[in-house]
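# Observations on the model geometry
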Amino acid sequence: MAHIVILGAGTGGMPAAYEIREILGKEHQVTLVNASETFQFVPSNPWVAVGWRDRKETTFPIRPYVEKKGIQFVPQPVTHIDAEGNRLELANGETLDYDYLVITTGPKLAFDEVPGAGPEGHTQSVCTIDHAERAFAAYQEFVKDPGPVIVGAMPGASCFGPAYEYAMILDTDLRKRKIRDKVPMTFVTSEPYIGHLGLGGVGDSKGLLESELRHRHIKWITNAKTTRVEDGKMYVEELDDQGNVLKEHELPFKFNMMLPAFKGVDAVANVEGLCNPRGFVIVDEHQKSPKYPNIYSAGVCIAIPPIEPTPVPTGAPKTGYMIESMVTAIAHNLRDELAGKEPTHQGTWAAICLADMGDTGAAFVAIPQIPPRNVTWAKEGKWVHLAKVAFEKYFIRKMKKGTSEPLYERVVLKALGIERLKD
(Lines give C-alpha, C1' and ligand atoms only; values in the text may rest on other atoms or scores of the structure.)
Protein backbone atom coordinates (compact mmCIF):
# COMPACT_ATOMS: atom_id res chain seq x y z
CA MET A 1 0.00 0.00 0.00
CA ALA A 2 1.28 3.46 -0.92
CA HIS A 3 0.54 6.63 1.02
CA ILE A 4 -0.15 9.65 -1.20
CA VAL A 5 -0.25 13.03 0.54
CA ILE A 6 -1.76 16.09 -1.14
CA LEU A 7 -0.45 19.35 0.33
CA GLY A 8 -2.96 22.16 -0.11
CA ALA A 9 -6.76 22.00 -0.41
CA GLY A 10 -7.65 24.76 -2.85
CA THR A 11 -9.13 24.61 -6.33
CA GLY A 12 -6.28 22.27 -7.30
CA GLY A 13 -5.84 20.25 -4.12
CA MET A 14 -9.47 19.30 -3.50
CA PRO A 15 -10.05 17.91 -7.02
CA ALA A 16 -6.64 16.22 -6.81
CA ALA A 17 -7.62 14.41 -3.62
CA TYR A 18 -10.92 13.22 -5.10
CA GLU A 19 -9.46 12.13 -8.43
CA ILE A 20 -6.45 10.36 -6.91
CA ARG A 21 -8.74 8.60 -4.43
CA GLU A 22 -11.02 7.39 -7.22
CA ILE A 23 -8.31 6.33 -9.67
CA LEU A 24 -6.03 4.55 -7.17
CA GLY A 25 -8.74 2.60 -5.42
CA LYS A 26 -9.10 1.66 -1.77
CA GLU A 27 -5.84 -0.30 -1.53
CA HIS A 28 -3.85 2.94 -1.23
CA GLN A 29 -4.01 5.63 1.46
CA VAL A 30 -4.77 9.24 0.48
CA THR A 31 -4.28 12.12 2.92
CA LEU A 32 -5.13 15.78 2.35
CA VAL A 33 -3.15 18.35 4.36
CA ASN A 34 -4.21 21.99 4.56
CA ALA A 35 -3.35 24.93 6.80
CA SER A 36 -7.04 25.72 7.23
CA GLU A 37 -10.06 23.54 8.00
CA THR A 38 -12.06 25.44 5.39
CA PHE A 39 -12.22 25.33 1.59
CA GLN A 40 -12.67 28.68 -0.09
CA PHE A 41 -13.64 29.28 -3.71
CA VAL A 42 -11.18 32.06 -4.47
CA PRO A 43 -12.72 33.16 -7.82
CA SER A 44 -15.75 34.44 -5.86
CA ASN A 45 -13.71 36.84 -3.73
CA PRO A 46 -14.22 39.91 -5.97
CA TRP A 47 -17.94 39.51 -5.32
CA VAL A 48 -17.35 39.12 -1.58
CA ALA A 49 -15.38 42.37 -1.58
CA VAL A 50 -18.46 44.36 -2.67
CA GLY A 51 -20.96 42.39 -0.61
CA TRP A 52 -22.48 40.37 -3.46
CA ARG A 53 -21.44 37.14 -1.72
CA ASP A 54 -20.60 36.23 1.85
CA ARG A 55 -18.41 33.61 3.50
CA LYS A 56 -21.13 31.03 3.96
CA GLU A 57 -21.82 31.00 0.20
CA THR A 58 -18.22 30.50 -0.93
CA THR A 59 -16.61 28.38 1.80
CA PHE A 60 -17.32 25.09 3.55
CA PRO A 61 -15.61 22.76 6.07
CA ILE A 62 -13.33 20.28 4.33
CA ARG A 63 -13.33 17.32 6.71
CA PRO A 64 -16.88 15.94 6.43
CA TYR A 65 -16.81 15.92 2.64
CA VAL A 66 -13.39 14.37 2.03
CA GLU A 67 -13.75 11.78 4.79
CA LYS A 68 -16.90 10.51 3.09
CA LYS A 69 -14.64 9.53 0.21
CA GLY A 70 -12.11 7.74 2.39
CA ILE A 71 -9.60 10.60 2.34
CA GLN A 72 -7.85 11.40 5.60
CA PHE A 73 -7.71 15.09 6.45
CA VAL A 74 -5.00 16.87 8.47
CA PRO A 75 -5.78 20.56 9.13
CA GLN A 76 -2.28 21.73 10.00
CA PRO A 77 0.26 24.09 8.41
CA VAL A 78 3.40 22.33 7.18
CA THR A 79 6.56 23.90 8.58
CA HIS A 80 9.15 21.74 6.83
CA ILE A 81 9.33 19.21 4.00
CA ASP A 82 12.02 16.56 4.39
CA ALA A 83 12.11 15.56 0.73
CA GLU A 84 15.00 13.13 1.23
CA GLY A 85 13.26 11.42 4.13
CA ASN A 86 9.74 11.56 2.61
CA ARG A 87 8.30 13.31 5.64
CA LEU A 88 6.31 16.43 6.46
CA GLU A 89 6.76 18.32 9.72
CA LEU A 90 3.55 19.93 10.97
CA ALA A 91 2.99 23.08 13.02
CA ASN A 92 1.68 21.03 15.96
CA GLY A 93 5.00 19.14 16.20
CA GLU A 94 3.75 15.95 14.55
CA THR A 95 5.20 14.38 11.41
CA LEU A 96 3.57 12.71 8.43
CA ASP A 97 5.38 10.19 6.22
CA TYR A 98 4.50 9.77 2.55
CA ASP A 99 5.41 7.61 -0.42
CA TYR A 100 4.28 10.26 -2.91
CA LEU A 101 3.73 13.95 -2.31
CA VAL A 102 1.48 16.13 -4.47
CA ILE A 103 2.09 19.85 -3.87
CA THR A 104 -0.93 22.07 -4.60
CA THR A 105 -0.37 24.81 -2.04
CA GLY A 106 -1.08 27.82 -4.21
CA PRO A 107 1.13 30.87 -3.72
CA LYS A 108 2.57 33.02 -1.00
CA LEU A 109 1.37 36.61 -1.42
CA ALA A 110 4.44 38.84 -1.79
CA PHE A 111 3.03 42.08 -0.39
CA ASP A 112 6.40 42.72 1.24
CA GLU A 113 7.96 43.48 -2.15
CA VAL A 114 6.18 46.86 -2.26
CA PRO A 115 6.54 48.96 0.92
CA GLY A 116 3.13 49.77 2.40
CA ALA A 117 1.26 47.16 0.36
CA GLY A 118 -1.17 44.57 1.65
CA PRO A 119 -4.05 44.47 4.12
CA GLU A 120 -1.59 45.07 6.95
CA GLY A 121 -0.43 48.17 5.06
CA HIS A 122 -2.48 50.44 2.84
CA THR A 123 -3.88 48.25 0.03
CA GLN A 124 -6.82 45.89 -0.07
CA SER A 125 -6.78 42.42 -1.66
CA VAL A 126 -9.18 39.76 -2.92
CA CYS A 127 -6.68 36.91 -2.77
CA THR A 128 -8.27 35.21 0.25
CA ILE A 129 -11.72 35.23 1.85
CA ASP A 130 -10.31 37.08 4.87
CA HIS A 131 -8.83 39.75 2.60
CA ALA A 132 -12.07 40.07 0.64
CA GLU A 133 -14.11 40.52 3.83
CA ARG A 134 -11.64 43.14 5.02
CA ALA A 135 -11.93 44.92 1.66
CA PHE A 136 -15.72 44.91 1.92
CA ALA A 137 -15.57 46.44 5.40
CA ALA A 138 -13.34 49.21 4.04
CA TYR A 139 -15.63 49.63 1.03
CA GLN A 140 -18.66 50.07 3.27
CA GLU A 141 -16.90 52.99 4.96
CA PHE A 142 -15.76 54.35 1.60
CA VAL A 143 -19.26 54.64 0.12
CA LYS A 144 -20.23 56.94 3.00
CA ASP A 145 -17.60 59.43 1.81
CA PRO A 146 -16.53 58.44 -1.72
CA GLY A 147 -13.49 59.66 -3.61
CA PRO A 148 -10.69 58.41 -5.88
CA VAL A 149 -10.25 54.64 -6.37
CA ILE A 150 -7.25 52.67 -7.64
CA VAL A 151 -7.47 49.04 -8.78
CA GLY A 152 -4.76 46.98 -10.42
CA ALA A 153 -1.73 44.74 -10.09
CA MET A 154 1.73 45.31 -8.67
CA PRO A 155 5.11 44.44 -10.23
CA GLY A 156 5.61 40.71 -10.70
CA ALA A 157 1.89 39.92 -10.61
CA SER A 158 0.75 37.01 -12.76
CA CYS A 159 -2.99 36.82 -12.08
CA PHE A 160 -4.53 39.89 -13.71
CA GLY A 161 -8.07 38.66 -14.31
CA PRO A 162 -9.35 39.41 -10.77
CA ALA A 163 -8.03 42.99 -11.03
CA TYR A 164 -10.06 43.65 -14.19
CA GLU A 165 -13.03 41.88 -12.66
CA TYR A 166 -12.92 43.87 -9.46
CA ALA A 167 -12.54 47.23 -11.23
CA MET A 168 -15.65 46.56 -13.30
CA ILE A 169 -17.64 44.93 -10.51
CA LEU A 170 -16.84 47.98 -8.40
CA ASP A 171 -17.98 50.27 -11.22
CA THR A 172 -21.24 48.30 -11.49
CA ASP A 173 -21.87 48.43 -7.75
CA LEU A 174 -21.14 52.17 -7.56
CA ARG A 175 -23.60 52.80 -10.39
CA LYS A 176 -26.22 50.77 -8.56
CA ARG A 177 -25.62 52.95 -5.51
CA LYS A 178 -25.87 56.06 -7.77
CA ILE A 179 -22.53 57.44 -6.56
CA ARG A 180 -20.33 56.47 -9.53
CA ASP A 181 -20.10 60.14 -10.52
CA LYS A 182 -18.28 60.86 -7.25
CA VAL A 183 -15.58 58.23 -7.81
CA PRO A 184 -12.67 58.83 -10.23
CA MET A 185 -11.17 55.42 -11.01
CA THR A 186 -7.68 54.49 -12.25
CA PHE A 187 -6.49 51.03 -13.27
CA VAL A 188 -2.78 50.67 -12.46
CA THR A 189 -1.13 47.56 -13.90
CA SER A 190 2.32 46.15 -14.49
CA GLU A 191 1.14 44.79 -17.86
CA PRO A 192 2.75 46.41 -20.92
CA TYR A 193 -0.72 47.12 -22.29
CA ILE A 194 -4.33 46.67 -21.26
CA GLY A 195 -5.45 43.10 -21.96
CA HIS A 196 -1.99 41.54 -21.89
CA LEU A 197 -3.16 39.35 -19.00
CA GLY A 198 0.27 37.79 -18.58
CA LEU A 199 -0.51 35.89 -21.80
CA GLY A 200 0.76 38.31 -24.44
CA GLY A 201 -2.89 39.11 -25.11
CA VAL A 202 -5.63 36.74 -26.26
CA GLY A 203 -7.16 37.70 -29.60
CA ASP A 204 -8.23 41.33 -29.34
CA SER A 205 -8.21 41.33 -25.54
CA LYS A 206 -6.43 44.70 -25.73
CA GLY A 207 -9.19 46.35 -27.73
CA LEU A 208 -11.95 44.55 -25.85
CA LEU A 209 -10.77 45.54 -22.38
CA GLU A 210 -9.66 49.05 -23.37
CA SER A 211 -13.13 49.62 -24.81
CA GLU A 212 -14.74 48.36 -21.63
CA LEU A 213 -12.58 50.60 -19.44
CA ARG A 214 -13.34 53.64 -21.62
CA HIS A 215 -17.04 52.85 -21.53
CA ARG A 216 -16.87 52.80 -17.73
CA HIS A 217 -14.75 55.97 -17.49
CA ILE A 218 -11.83 54.12 -15.92
CA LYS A 219 -8.44 55.64 -16.73
CA TRP A 220 -5.35 53.43 -16.81
CA ILE A 221 -1.59 53.39 -16.41
CA THR A 222 0.32 50.47 -17.95
CA ASN A 223 3.98 49.49 -17.52
CA ALA A 224 3.28 50.67 -13.98
CA LYS A 225 5.85 49.93 -11.30
CA THR A 226 4.23 50.60 -7.94
CA THR A 227 7.13 51.58 -5.69
CA ARG A 228 5.40 52.29 -2.38
CA VAL A 229 2.02 52.98 -0.84
CA GLU A 230 1.18 55.40 1.95
CA ASP A 231 -2.09 56.18 3.63
CA GLY A 232 -4.15 57.76 0.87
CA LYS A 233 -1.36 57.90 -1.73
CA MET A 234 0.22 55.45 -4.17
CA TYR A 235 3.60 56.09 -5.83
CA VAL A 236 3.96 54.68 -9.32
CA GLU A 237 6.73 54.82 -11.91
CA GLU A 238 5.41 54.53 -15.47
CA LEU A 239 8.09 52.94 -17.66
CA ASP A 240 8.63 53.12 -21.41
CA ASP A 241 9.18 50.07 -23.62
CA GLN A 242 12.91 50.08 -22.81
CA GLY A 243 12.28 50.02 -19.07
CA ASN A 244 13.20 53.67 -18.46
CA VAL A 245 11.10 55.89 -16.22
CA LEU A 246 8.72 57.80 -18.47
CA LYS A 247 6.68 59.50 -15.76
CA GLU A 248 6.29 59.43 -11.99
CA HIS A 249 2.81 59.44 -10.50
CA GLU A 250 1.58 60.30 -7.02
CA LEU A 251 -1.97 58.95 -7.05
CA PRO A 252 -4.39 59.89 -4.28
CA PHE A 253 -6.99 57.34 -3.22
CA LYS A 254 -9.72 56.78 -0.70
CA PHE A 255 -10.05 53.10 -1.58
CA ASN A 256 -7.96 50.64 -3.56
CA MET A 257 -7.41 46.98 -4.40
CA MET A 258 -4.00 45.92 -5.74
CA LEU A 259 -3.08 42.32 -6.55
CA PRO A 260 0.42 41.33 -5.37
CA ALA A 261 3.14 39.28 -6.97
CA PHE A 262 3.25 35.59 -6.00
CA LYS A 263 6.06 33.49 -4.56
CA GLY A 264 6.27 29.91 -3.36
CA VAL A 265 5.18 29.18 0.20
CA ASP A 266 8.10 28.94 2.62
CA ALA A 267 7.97 25.21 3.42
CA VAL A 268 8.05 24.39 -0.32
CA ALA A 269 10.50 27.10 -1.37
CA ASN A 270 13.01 25.97 1.27
CA VAL A 271 13.42 22.46 -0.18
CA GLU A 272 16.82 22.35 -1.87
CA GLY A 273 16.59 21.77 -5.63
CA LEU A 274 12.79 21.62 -5.72
CA CYS A 275 12.00 25.18 -6.80
CA ASN A 276 13.13 28.10 -8.91
CA PRO A 277 14.44 31.30 -7.24
CA ARG A 278 10.88 32.56 -6.68
CA GLY A 279 9.99 29.37 -4.81
CA PHE A 280 7.81 27.81 -7.53
CA VAL A 281 8.06 24.04 -7.98
CA ILE A 282 9.99 22.93 -11.06
CA VAL A 283 8.14 20.13 -12.88
CA ASP A 284 8.58 18.19 -16.10
CA GLU A 285 5.92 17.55 -18.72
CA HIS A 286 4.35 14.94 -16.43
CA GLN A 287 4.01 17.38 -13.47
CA LYS A 288 6.87 15.58 -11.73
CA SER A 289 9.88 17.06 -9.95
CA PRO A 290 13.13 16.30 -11.83
CA LYS A 291 14.98 16.37 -8.49
CA TYR A 292 12.62 14.27 -6.36
CA PRO A 293 10.93 11.48 -8.36
CA ASN A 294 8.14 10.94 -5.83
CA ILE A 295 7.00 14.58 -5.76
CA TYR A 296 4.39 15.94 -8.15
CA SER A 297 2.96 19.44 -8.27
CA ALA A 298 0.10 21.34 -9.91
CA GLY A 299 -1.52 24.74 -9.91
CA VAL A 300 -0.33 28.23 -9.10
CA CYS A 301 2.64 26.88 -7.13
CA ILE A 302 4.46 25.44 -10.16
CA ALA A 303 7.14 27.23 -12.19
CA ILE A 304 6.03 28.50 -15.60
CA PRO A 305 8.28 31.02 -17.36
CA PRO A 306 6.82 34.40 -18.39
CA ILE A 307 5.33 34.52 -21.87
CA GLU A 308 7.72 37.31 -22.89
CA PRO A 309 10.02 39.94 -21.38
CA THR A 310 8.14 43.05 -20.24
CA PRO A 311 9.44 46.41 -18.93
CA VAL A 312 7.83 45.71 -15.54
CA PRO A 313 8.01 42.01 -14.60
CA THR A 314 4.82 40.03 -15.21
CA GLY A 315 4.19 36.35 -14.66
CA ALA A 316 2.14 33.79 -16.56
CA PRO A 317 -1.22 32.87 -15.02
CA LYS A 318 -2.34 29.34 -14.21
CA THR A 319 -6.05 29.21 -14.97
CA GLY A 320 -8.68 26.74 -13.82
CA TYR A 321 -8.77 24.46 -16.84
CA MET A 322 -4.98 24.21 -16.90
CA ILE A 323 -4.92 23.29 -13.19
CA GLU A 324 -7.66 20.73 -13.69
CA SER A 325 -5.74 19.05 -16.50
CA MET A 326 -2.52 19.02 -14.41
CA VAL A 327 -4.39 17.28 -11.59
CA THR A 328 -5.83 14.66 -13.96
CA ALA A 329 -2.37 13.98 -15.38
CA ILE A 330 -0.93 13.50 -11.89
CA ALA A 331 -3.67 11.07 -10.86
CA HIS A 332 -3.10 8.91 -13.95
CA ASN A 333 0.68 9.07 -13.62
CA LEU A 334 0.49 7.94 -9.99
CA ARG A 335 -1.66 4.99 -11.03
CA ASP A 336 0.87 4.06 -13.70
CA GLU A 337 3.84 4.38 -11.34
CA LEU A 338 2.18 2.18 -8.75
CA ALA A 339 1.60 -0.39 -11.49
CA GLY A 340 5.30 -0.33 -12.36
CA LYS A 341 4.90 1.79 -15.50
CA GLU A 342 6.55 5.04 -16.53
CA PRO A 343 4.38 8.19 -16.29
CA THR A 344 3.16 9.37 -19.69
CA HIS A 345 0.19 11.66 -19.03
CA GLN A 346 0.50 15.40 -19.56
CA GLY A 347 -1.68 18.36 -18.67
CA THR A 348 -3.27 20.53 -21.32
CA TRP A 349 -1.38 23.81 -21.32
CA ALA A 350 -4.29 25.92 -22.41
CA ALA A 351 -5.76 29.00 -20.77
CA ILE A 352 -9.48 29.49 -20.23
CA CYS A 353 -10.69 32.57 -18.39
CA LEU A 354 -14.21 33.65 -17.52
CA ALA A 355 -13.96 37.27 -16.36
CA ASP A 356 -17.03 38.73 -14.69
CA MET A 357 -17.61 42.45 -15.22
CA GLY A 358 -20.51 42.94 -12.86
CA ASP A 359 -23.26 43.23 -15.44
CA THR A 360 -21.48 41.59 -18.38
CA GLY A 361 -18.30 39.56 -18.84
CA ALA A 362 -15.54 38.39 -21.16
CA ALA A 363 -14.33 34.88 -21.98
CA PHE A 364 -10.83 34.10 -23.28
CA VAL A 365 -9.41 30.84 -24.64
CA ALA A 366 -5.74 30.43 -25.61
CA ILE A 367 -4.48 27.07 -26.94
CA PRO A 368 -1.66 26.65 -26.14
CA GLN A 369 -1.09 29.31 -23.52
CA ILE A 370 2.22 30.42 -25.05
CA PRO A 371 1.85 31.95 -28.54
CA PRO A 372 1.81 31.28 -31.45
CA ARG A 373 -1.44 29.46 -30.84
CA ASN A 374 -3.65 26.95 -32.54
CA VAL A 375 -6.78 28.55 -31.09
CA THR A 376 -7.36 32.14 -29.96
CA TRP A 377 -10.88 32.99 -28.85
CA ALA A 378 -12.33 36.02 -27.05
CA LYS A 379 -15.98 36.96 -26.63
CA GLU A 380 -17.92 39.42 -24.49
CA GLY A 381 -21.51 39.40 -23.27
CA LYS A 382 -23.90 39.13 -20.36
CA TRP A 383 -23.89 35.36 -20.85
CA VAL A 384 -20.31 35.25 -19.46
CA HIS A 385 -21.47 36.85 -16.21
CA LEU A 386 -24.24 34.26 -15.99
CA ALA A 387 -21.85 31.44 -16.89
CA LYS A 388 -19.44 32.41 -14.10
CA VAL A 389 -22.25 32.58 -11.55
CA ALA A 390 -23.45 29.14 -12.65
CA PHE A 391 -19.95 27.68 -12.58
CA GLU A 392 -19.33 28.97 -9.04
CA LYS A 393 -22.39 27.16 -7.75
CA TYR A 394 -21.59 24.03 -9.77
CA PHE A 395 -17.98 23.83 -8.60
CA ILE A 396 -18.86 24.24 -4.92
CA ARG A 397 -21.65 21.68 -5.18
CA LYS A 398 -19.37 19.17 -6.86
CA MET A 399 -16.59 19.69 -4.30
CA LYS A 400 -19.09 18.90 -1.57
CA LYS A 401 -20.31 15.87 -3.48
CA GLY A 402 -16.76 14.65 -3.97
CA THR A 403 -16.80 14.25 -7.73
CA SER A 404 -13.67 13.82 -9.81
CA GLU A 405 -15.34 14.64 -13.11
CA PRO A 406 -13.62 17.30 -15.24
CA LEU A 407 -15.63 20.37 -14.31
CA TYR A 408 -14.20 22.75 -16.87
CA GLU A 409 -14.70 20.29 -19.72
CA ARG A 410 -18.25 19.45 -18.67
CA VAL A 411 -19.43 22.99 -17.87
CA VAL A 412 -17.25 25.78 -19.20
CA LEU A 413 -16.32 24.30 -22.55
CA LYS A 414 -19.89 23.22 -23.17
CA ALA A 415 -21.11 26.73 -22.35
CA LEU A 416 -18.57 28.19 -24.78
CA GLY A 417 -19.49 25.73 -27.51
CA ILE A 418 -15.95 24.33 -27.61
CA GLU A 419 -15.02 20.65 -27.73
CA ARG A 420 -12.37 19.07 -25.50
CA LEU A 421 -9.16 21.07 -25.83
CA LYS A 422 -5.99 19.71 -27.40
CA ASP A 423 -2.62 21.43 -27.47
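From a predicted model like this one, the values you see are computed outputs, not experimental measurements.

This part takes up the sheet that holds strand E14 (residues 224-230). The strand order across the open sheet built from three strands is E14-E15-E16, with neighbouring strands paired in antiparallel fashion. A strand with exactly one partner marks an edge of an open sheet, and here the two such strands are E14 and strand E16 (245-252). Across the sheet, the axes of successive neighbouring strands diverge by a mean angle of 15°, strand direction being ignored. Relative to strand E15 (residues 233-239), E14 runs antiparallel, the two sharing six bridges.

Attention now goes to the packing of aromatic side chains. This model, assessed by the stated rule, comprises nine aromatic pairs. Measuring from centroid to centroid gives 5.2 Å for phenylalanine 60 and tyrosine 65, while their planes differ by 80°, and the two rings are edge-to-face. Put simply, the rings of Phe39, Phe41, Phe60, Tyr65, Phe391 and Phe395 pair up and form one aromatic cluster. Across from the ring centre of tryptophan 52, 4.5 Å away, lies the NZ or CZ of lysine 176, which sits over that ring. Directly above the ring of phenylalanine 280 sits lysine 318, whose terminal nitrogen or CZ lies 4.7 Å from the centroid.

For side chains bearing opposite charge, pairing can occur when the charged atoms are close. The final tally for this structure, using the stated rule, is 25 salt bridges. Salt-bridge contacts for arginine 175 lead to aspartate 171; the nearest nitrogen and oxygen are separated by 2.9 Å. Of this pair, arginine 175 and aspartate 171 are both found in helix H6 (residues 161-176), four residues apart, which corresponds to roughly one turn of the helix. By relative accessible area, arginine 175 is classed as partly exposed at 37%. Sharing partners across several salt bridges, the network here consists of Asp171, Arg175, Arg180, Glu212, Arg216 and Asp359.

In this model, H6 (16 residues) spans 23 Å end to end at C-alpha, consistent with the 22 Å of a helix rising 1.5 Å per residue. Counted residue by residue, H6 has 13 buried out of 16 residues, so it is predominantly covered. Phi turns positive one or two residues past the end of H6, at lysine 178, with a value near 60°.

For the rest of this paragraph, the subject is the pairing of strand E6 (residues 78-82). In this sheet, strand E7 (residues 87-90) lies alongside E6 in antiparallel orientation, the contact comprising four bridges. Bridge assignment links histidine 80 to a residue of E7, and that residue is glutamate 89.

Within the span of helix H7 (residues 205-215), buried status applies to Ser205, Leu208, Leu209, Glu210, Glu212 and Leu213. Summarising the contacts, the buried residues of H7 are in contact with H6, strand E13 (218-221), strand E21 (361-367) and strand E22 (375-380). Just beyond H7, the residue with positive phi is histidine 217, at close to 60°.

Moving on: the side chain of threonine 123. Here threonine 123 lies in the loop between strand E10 (108-109) and helix H5 (129-142). Among the residues examined, threonine 123 registers a relative accessible area of 1% and is labelled buried. A polar side-chain atom of threonine 123 sits 2.5 Å from the main-chain amide nitrogen of glycine 118. Residue contacts for threonine 123: discarding those within four places in its chain leaves Gly116, Ala117, Gly118, Val229, Met234, Asn256 and Met258.

Calculation notes
- Residues numbered from 1 in each chain as written.
- Predicted model: local features only at pLDDT ≥ 70, side-chain atom pairs only at ≥ 80, totals over all residues.
- Heavy atoms only, no water.
- Pairing = 2+ DSSP bridges.
- Helix = DSSP H or I, 4+ residues; strand = E, 2+ residues; numbered from the N terminus.
- Axes fitted to C-alpha atoms, helices over the stretch in contact; angles between N-to-C directions.
- Phe/Tyr/Trp six-rings, centres within 6.5 Å; stacked < 30°, edge-to-face > 60°.
- Lys NZ or Arg CZ within 6 Å of the ring centre and 35° of its normal.
- Salt bridge = Lys/Arg side-chain N within 4 Å of Asp/Glu carboxyl O.
- Buried < 20%, exposed > 50% of the residue type's maximum accessible area, 1.4 Å probe, protein only.
- Expected span 1.5 Å × (residues − 1).
- Contact = heavy atoms within 4.5 Å.
- Polar contact = N/O pair within 3.5 Å; in protein donor to acceptor, adjacent residues only side chain to side chain.

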